[in-house]
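Summary of structural features
What follows is each chain in one-letter form.
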Amino acid sequence: MNYSELYNAWLNDPRLTQEERAELRAIAGDKKEQEYRFGGELEFGTAGMRGIIGCGVNMMNVRTVKRATQGLSMYIKTLTQEEQARGVVISFDTRRGSREFAKAAAGVLAKNGIKTYLFDEVHPVPMLSYAVRYLNTIAGIMITASHNPKQYNGYKVYGEDGAQMSPEATAVVVKFISEITDYLSVEGEEDSSLIHNVPAEVDDTYIASLAKLTLSEKAVEACGKNLKLVYTPVHGSGYVPVMRILKRLGINVTVVEEQTTEDTEFSTVKVPNPEYKETLSMGIALANKIQADVVFGTDPDSDRLGVAIKDEKGEFTALSGNQVGILLLDYILTRLKEESTLPANAAVVKSFVTTGMAKAICEDFGVALFETPVGFKFIGEKIKQWEKDGSHTYVFGFEESCGYLRGTHARDKDAVVASMLCAEMVCYYTYVGKTVYGRLQEIYAKYGYVLDKNISIEYSGLNAMKEMNAVVDALKTVKVERFGGFEVEAVRDYSVSVRRAKDGSETHIDIPKCNCVYYELSGGSFICVRPSGTEPKLKIYYSVKAKDEKNAELALADAKKAVEELLESVKS
């Protein structure tokens, strides 16, 4: 069927609810909207599903959630009886429909005879990841669209190791999902005896496991009660666990009360993404009012942490995810070394689009650094690998998009533990007579200034992903010798796992494949272009190394102009 026929089939199907039918009737004269909703299916990839909330096969709704869960159920039924009996744990955040989608997923699993643990209130991504391992379930489901705008929601699946499901297992789940052509046929049993509440001890043991990761108890004891920290959960699921761990440590916290409500519209912000300074604006305003030292903000599913600190003028500046990452990396390695607890085989993991400064810091501390594709599941895979073979000890992992993880209690980025670490980091530098901003400047002075900047080009429509991939594919066919003042030393084509040096030689890259072009530049800088896996955006990452900020800004401007010209040439 074409989109118009499918639209009418849904509209006239007696199994549709009154609300669903009314929504479809409202677009009876809008062919473009009908095509968007029914011209393609919402894709289930390695990051699960994510889309605009609404009725249709290309939207996030109860029907697409049930269909995806039926596919997951069919996959679980291929496993051993012991594995099937372990069940699935489900969590959800504060977005529109999240609670309803979570209950619908639990009902479908129950209909398939699969035990489910369902959180009774909102809980963040890291606690879902933790619960999978604590409860020894075979899988986990998280209903969230992370930091996306309010009209989005999503569905993420986790494997038994607490990391997002592997590409191999996901491929099997997708195969089963694709076999279900009648979306409205999938049923559930939401009142089933197979659906259990997640035990309260999961929350307690999660917080206890985080408390064991503290690195500066003396500093926190001396400075925590006098620290002025402002925190905003931005209407998300981080409020309870973040406040709980900070209070357990004895950190003085003031919350942005207006942003503690579970507001599905995120009405106090444009976008609930703590990567943007604007999202922290209410926190910064409160911090200025009470003369606070630092501002924290977490996104709806509390896997990302945004931080603002005072600069040398006493004004609040929002740090980038890369800056928070290198501060935490430096702090963790410093404290482990000072306490003589830095493992001889210590390892750090970052995505390959994350700041190049991590390499210099790790080399200085004699710590191995590994790179992965974008997606924290790949960092989780490294943790799993090293626990199995003992070759390295994981000490920290991070991504430029404000995602950080210390500890192995979770296998996804964790803004709760990151909040704890950043708070004690502020206490530590206060204790030794420094500021966090001052330490950042010391890092730049020691390792060289690195300016990291991300640019996103938005796409729309049914073919957004296809168009973005076409741009990246076109870049692979163009030989580029320089970007502004930077010479291209090598090009990495991650879709075929090959690095091509400027002399024409090729080497294999031992890393999971993804559609991405990465330009290694002279002086240790890089430019990377890739389509987002969760949003209709083409992402361009710049990591520019220079002697100071002014020169870095100038070099970045030249590089951006060159990239813009290149993109125009491949589009024409």
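A brief report on the enclosed structure follows. Once a new chain begins, its residue numbering starts again from 1 and follows that chain's sequence as written. With the structure being a predicted model, the display of local features is reserved for residues of pLDDT at least 70 and the display and counting of side-chain atom pairs for 80 or more, all residues being used for whole-chain, interface and lining totals. Values shown for side chains rest on all heavy atoms present in the structure; no hydrogens or waters enter the calculation.

1. Here we look at the sheet that holds strand β4 (residues 139-143)
Short version of the rule: Following DSSP output, two strands are said to pair if at least two bridges run between them. Secondary structure elements follow DSSP: runs of H or I no shorter than four residues count as helices, runs of E no shorter than two count as strands, and numbering proceeds from the N terminus. Here the axes come from fitting lines to C-alpha atoms, over the contacting stretch only for helices, and the angles between their N-to-C directions go from 0 to 180 degrees.
Pairing is mixed across the open sheet formed by six strands, whose spatial order is β1-β5-β4-β2-β3-β6. Of all the strands in the sheet, the pair left with one neighbour each is β1 (49-52) and β6 (195-197). Neighbour to neighbour, the strand axes of the sheet diverge by 20 degrees on average, direction disregarded. Relative to strand β3 (residues 116-118), strand β2 (residues 88-92) is paired through three bridges, and the arrangement is parallel.

2. Quick look at the pairing of strand β23 (residues 537-546)
How we decide: Burial status follows relative accessibility: with a 1.4 Å probe on protein chains alone, a residue under 20% of its type maximum counts as buried, one over 50% as exposed, and anything between as partly exposed.
For β23, the buried fraction is high: nine of the 10 residues fall into the buried class. Bridging between strand β16 (residues 449-458) and β23 involves 10 bridges; their strand directions are antiparallel. When the sheet's bridge partners are listed, N454 is paired in β23 with Y541. Between strand β22 (residues 526-531) and β23, which follow one another and run antiparallel, lie five residues.

3. Description of empty space enclosed by the protein
Where we set the bar: Using protein atoms alone on a 1 Å grid, points that fit a 1.4 Å probe yet trap it form a cavity, whereas open point sets bounded by protein on both sides within 12 Å along at least five of seven lines form a pocket; residues with an atom within 4 Å of a point count as lining. Grid points are joined across faces, edges and corners, and a volume is the space filled by probe spheres set on the points. Asp, Glu, Lys and Arg are counted as charged, while Ala, Val, Leu, Ile, Met, Phe, Trp, Tyr, Cys and Pro are counted as nonpolar; the rest, among them Gly, fall into the polar class.
Counted according to the given criterion, the structure contains one cavity of 30 Å³ or more. A volume near 40 Å³ is recorded for the largest cavity. Lining of the largest cavity is provided by V294, F296, V307, I309, L319, V324, C422, M425, V426 and V436. Only β9 (294-298), β10 (305-310) and α16 (415-431) provide two or more residues apiece to the lining of the largest cavity. Looking at the lining of the largest cavity element by element, the count peaks at three residues for α16. Tallied by class, residues from the lining of the largest cavity come to 10 nonpolar, no polar and no charged.

4. Structural notes on the pattern of salt bridges
What counts, and what does not: Any carboxyl oxygen of Asp or Glu that lies within 4 Å of a side-chain nitrogen of Lys or Arg is treated as forming a salt bridge with it.
Following the criterion strictly, the structure yields 34 salt bridges and no others. Note that E20 and R63 form a salt bridge whose closest N and O atoms lie 3.0 Å from each other. Within this pair, whereas E20 is found in helix α2 (residues 18-25), its partner R63 is found in helix α4 (residues 62-76), the two being separated by 43 residues in sequence. The burial state of E20 is the same as that of R63; both residues are buried.

5. Looking at the layout of surface pockets
Estimated volume of the second largest pocket: approximately 1,100 Å³. Along the walls of the second largest pocket sit 36 residues, with A318, S320, Q323, D452 and K453 positioned nearest its centre. Of all the elements in the fold, those that place two or more residues in the lining of the second largest pocket are β11 (316-318), α13 (321-338), α17 (436-447), β16, β23 and α19 (549-571). Ranked by the residues each element gives to the lining of the second largest pocket, the list is headed by β16, at eight residues. Across the lining of the second largest pocket, the residue classes break down as 13 nonpolar, 11 polar and 12 charged.

6. Some thoughts on the side chain of T232
Which entries qualify depends on this criterion: Here a polar contact is taken to be a pair of N or O atoms separated by no more than 3.5 Å, where protein atoms must pair a possible hydrogen donor with a possible acceptor and residues adjacent in sequence count only if both atoms sit in side chains. Contact criterion: two residues are considered in contact whenever any of their non-hydrogen atoms come within 4.5 Å of each other.
Mapped onto the fold, T232 is located in strand β7 (residues 229-232). A polar contact is formed between the side chain of T232 and the backbone nitrogen of V234, at a distance of 3.0 Å. Among all residues touching T232, those that are not within four sequence positions of it are V256, Q259, L280, F296, G297 and T298.

7. Considerations on the environment of D293
Along the chain, the position of D293 falls in the loop between α12 (281-290) and β9. Residue D293 is classed as partly exposed on the basis of its relative accessible area of 34%. Once the C-alpha coordinates of D293 and K310 are considered, the two residues, 17 residues apart in sequence, prove to be 6.8 Å apart. D293 has contacts with N226, L227, K228, I309, K310 and F316, leaving out every residue within four places of it along the chain.

8. Digging into the nonpolar core
Just so we agree on the cut-off: What is meant by a nonpolar core is a set of buried Ala, Val, Leu, Ile, Met, Phe, Trp, Tyr and Cys residues, joined one to another through side-chain atoms within 4.5 Å.
L229, I251, F483 and Y519 are the most contacted members of the largest nonpolar core, which has 114 residues in total. If we ignore the near neighbours within four places in the chain, the residues touching I251 are V220, G224, L227, L229, L246, A423 and C427. L72, L79, I138 and I143 belong to the second-largest nonpolar core, a separate cluster that totals 36 residues.

9. Considering the packing of α13 against helix α14 (residues 357-365)
Counted only if it meets this: For classification purposes, an angle smaller than 35 degrees is called roughly parallel, one larger than 145 roughly antiparallel, one from 65 to 115 roughly perpendicular, and anything else oblique.
Contact geometry for α13 and α14: axes closest at 10 Å, N-to-C directions at 5 degrees. Looking at the two axes, α13 sits roughly parallel to α14. Contacts from I326, L329, D330, L333, T334 and K337 of α13 reach α14 at M357, A358, I361, C362 and F365. Grouping the amino acids of the contact of α13 with α14 by side-chain chemistry returns eight nonpolar, one polar and two charged.

10. Digging into the packing of aromatic side chains
The line we're drawing: Between the rings of Phe, Tyr and Trp (Trp by its six-membered ring), a pair exists once the centres lie within 6.5 Å; its type follows the angle of the planes, with under 30 degrees stacked, over 60 edge-to-face, and the other angles tilted. Either the NZ atom of lysine or the CZ atom of arginine qualifies as a charge over a ring when it sits within 6 Å of the ring centre and within 35 degrees of the ring normal.
Under the definition given, this model contains 17 aromatic pairs. Ring geometry for F44 and Y155: centres 6.1 Å apart, planes at 65 degrees, overall edge-to-face. Residue F44 is located in the loop between α3 (31-38) and β1, and its partner Y155 is located in strand β5 (residues 152-158); the two are separated by 111 residues in the primary sequence. Since its relative accessible area comes to 12%, F44 is described here as buried. Y155 gets classed as buried once you look at its relative accessible area, which sits at 0%. Residues Y444 and Y449 carry aromatic rings whose centres are separated by 4.5 Å and whose planes lie at 45 degrees to one another, so their mutual orientation is tilted. With respect to burial, Y444 and Y449 carry one shared label: buried. Put simply, the rings of Y7, W10, F38 and Y183 pair up and form one aromatic cluster. Positioned over the ring face of F176 is K175, at 5.4 Å from the centre of the ring. Sitting above the plane of the Y518 ring, R492 keeps its charged end 3.9 Å from the centroid.

11. Overview of α19
Where we set the bar: What a helix should span is 1.5 Å times the count of its residues minus one.
With 23 residues, α19 ought to run about 33 Å at 1.5 Å a step, and its terminal C-alpha atoms sit 32 Å apart, in line with that. Along α19, the residues classified as buried are A552, A555, L556, A559, A562, V563, L566, L567 and V570. In this structure D548 caps α19, since a side-chain oxygen of it lies 3.4 Å from the backbone nitrogen of K550.

12. Remarks on the environment of T46
In this fold, T46 is placed in the loop between α3 and β1. Note: C-alpha distance between T46 and P233 (187 residues apart in sequence) is 27 Å. Leaving out residues up to four positions away in the same chain, T46 has contacts with Q164, M165, P167, T170 and K377.

13. Quick look at unusual backbone geometry
Its identity is not glycine, yet H235 carries a phi of approximately 65 degrees, on the positive side. Inspection of the secondary structure assignment puts H235 in the loop between β7 and α11 (239-249). In this model, F266 sits at a positive phi of 45 degrees, which is unusual for a non-glycine residue. Take F266: it is sitting in the loop between β8 (253-255) and α12. On the accessibility criterion, F266 (1% relative accessible area) is buried.

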